[in-house]
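# Examining the three-dimensional arrangement
Letter by letter, the chains look like this.
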Amino acid sequence: MDLVNGSQEAPQESLDTDMESFFETAPPLRDGLDISRKLGEFIELNSPPTGERIVCVTSGGTTVPLEQRCVRYIDNFSSGHRGAASTEYFLKAGYAVIFLHRRGTCQPYCRSLPEDSLLECFELTEESSVQGVFNVKCDIEKHLNSHLSQAVEQGLLLKLPFTTIFEYLQILRMVATSMKSLGSRGMFYLAAAVSDFYVPWESMVEHKIQSASGPLDMRLAQVPKMLSMLRKEWAPMAFCISFKLETDSNILLKKADMALRKYKMHMVVANELLSRKEEVTVVTSSGRITVRRDKNEADADVENPLIKLLEERHSTYIQESNTTN
Ligand code: 9Z3
């Protein structure tokens, strides 16, 4: 496959046109009406006087289909652990959460469940008894019920799944425009690993690409940068945090600084692939803050202190917005 990586930056007008054409040509969402109804109800329920703050947490990687009847696709790495853990801490901090996640990735309150088939937990050994297995099952059910269903039933957690870059960006736009009315009480926490390149739907082949024709040459278009659209049009008053992922530590903070300025983010969380569960650096216009997991506690997550920091900064932002308006 031939990845054509042009390094020149596109001017603003061409970005706007790229964005329009992305949405005009994307295959429409199958459950768009249902998502829109759920979003409307969720935002109404969690707006004053019954609710206060809402955060949209994006989580997992987007896929880029190579065929319309998709057999092959390019994927962006993300287990969804960051998004799932952060959702738990946001709920704990009193936020209502819209969890926009890649289908099949890590879910809130299910992070500690084993990767292997759940049935393997129930495997009978000579010492274990049917009663013992039943107790394990009850413990798991109790754990899930006490957190997950509670959050969903109380209307504090709305889960919206995506797979492709087309689904992700269309749903993100719906969420953002629905959250516009919340003003500064809305937050975007964009931890999803979003494809930079894609095959436009109209130039994608319908059927499975045949290998008999030899090597595959393919030109990928650049995914229009939605962050500036989010800040400028979709939800201009919302508090926005994006993530910057690099594998080369020498360029990470420079790239995070650039993203902060270019997309007018309120904060950019910089992380390196290998150390992402241990520490992150929060880049703001007034400086950088390193946030680390508490190594003295076995199960401590870096998301715990991170969400505390973001919640504090969001509170200050809401107060400042109220006094200036
Ligand atoms: C992140 O950087 C996330 O923290 C991770 C979390 C994907 C590393 P896991 O899901 O990992 O816990 O396994 N997300 C953003 C990645 C990204 O694609 N950022 C774009 C960029 O770096 C900007 S939107 O250019």
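The numbering scheme is per chain: residues are counted from 1 as the chain's sequence reads. pLDDT decides what is reported in this predicted model: residues at 70 or higher carry local features, side-chain atom pairs at 80 or more are listed and counted, and totals for whole chains, interfaces and linings draw on all residues regardless. Remark: hydrogens and water are excluded; side-chain values derive from all non-hydrogen atoms of the structure.

Time to look at the pattern of salt bridges. Between Lys or Arg on one side and Asp or Glu on the other, a salt bridge is scored when a side-chain nitrogen of the former is within 4 Å of a carboxyl oxygen of the latter. Here the structure, examined in full by the defined rule, presents 16 salt bridges. Here Lys 225 ties to Asp 196 by a salt bridge, and the two come within 3.2 Å at their closest N and O atoms. You can see Lys 225 sitting in the loop between strand E8 (221–222) and helix H6 (226–234) and its partner Asp 196 sitting in the loop between strand E6 (186–190) and strand E7 (197–198), a full 29 residues away along the chain. Burial status follows relative accessibility: with a 1.4 Å probe on protein chains alone, a residue under 20% of its type maximum counts as buried, one over 50% as exposed, and anything between as partly exposed. A relative accessible area of 32% places Lys 225 in the partly exposed class. Residue classification places Asp 196 among the partly exposed positions, given a relative accessible area of 41%. Each helix is a run of DSSP H or I of at least 4 residues and each strand a run of E of at least 2, with the numbering of both proceeding from the N terminus.

For the rest of this paragraph, the subject is the site of the ligand. Among the 15 residues in the neighbourhood of the ligand, the closest are listed as Ser 78, Ser 79, Gly 80, Lys 244 and Asn 271. At 3.3 Å from a nitrogen atom of the ligand is found a main-chain nitrogen or oxygen belonging to Phe 243. Within the complex, 91% of the 600 Å² of free accessible area of the ligand lies under protein. Listed by contribution, the elements that provide at least two residues to the shell around the ligand are helix H3 (81–92) and strand E9 (239–246). By residue number, the principal contributor to the shell around the ligand is E9, which donates three residues. In terms of residue class, the shell around the ligand is made up of seven nonpolar, five polar and three charged. For each residue, the test is whether any non-hydrogen atom lies within 4 Å of the molecule or strand; if one does, the residue is near. Polar contacts here mean pairs of N or O atoms no more than 3.5 Å apart (in protein, one a potential hydrogen donor and the other a potential acceptor; neighbouring residues in sequence count only if both atoms are side-chain atoms). All accessible-area figures derive from a Shrake-Rupley calculation using a 1.4 Å probe, and residue coverage is judged against the displayed protein chains alone. Polarity classes work like this: nonpolar for Ala, Val, Leu, Ile, Met, Phe, Trp, Tyr, Cys and Pro, charged for Asp, Glu, Lys and Arg, and polar for all others, with Gly in that last group.

Moving on to the UniProt feature "domain: DNA/pantothenate metabolism flavoprotein C-terminal" (unreviewed entry) in the protein chain. UniProt positions are given in the numbering used here, feature names are shortened, and annotations may be inferred rather than shown by experiment. Residues annotated by UniProt as "domain: DNA/pantothenate metabolism flavoprotein C-terminal" (unreviewed entry) correspond here to residues 174–289. Here residues 174–289 is 25% helix and 28% strand, with 32 Å between the C-alpha atoms at its ends.

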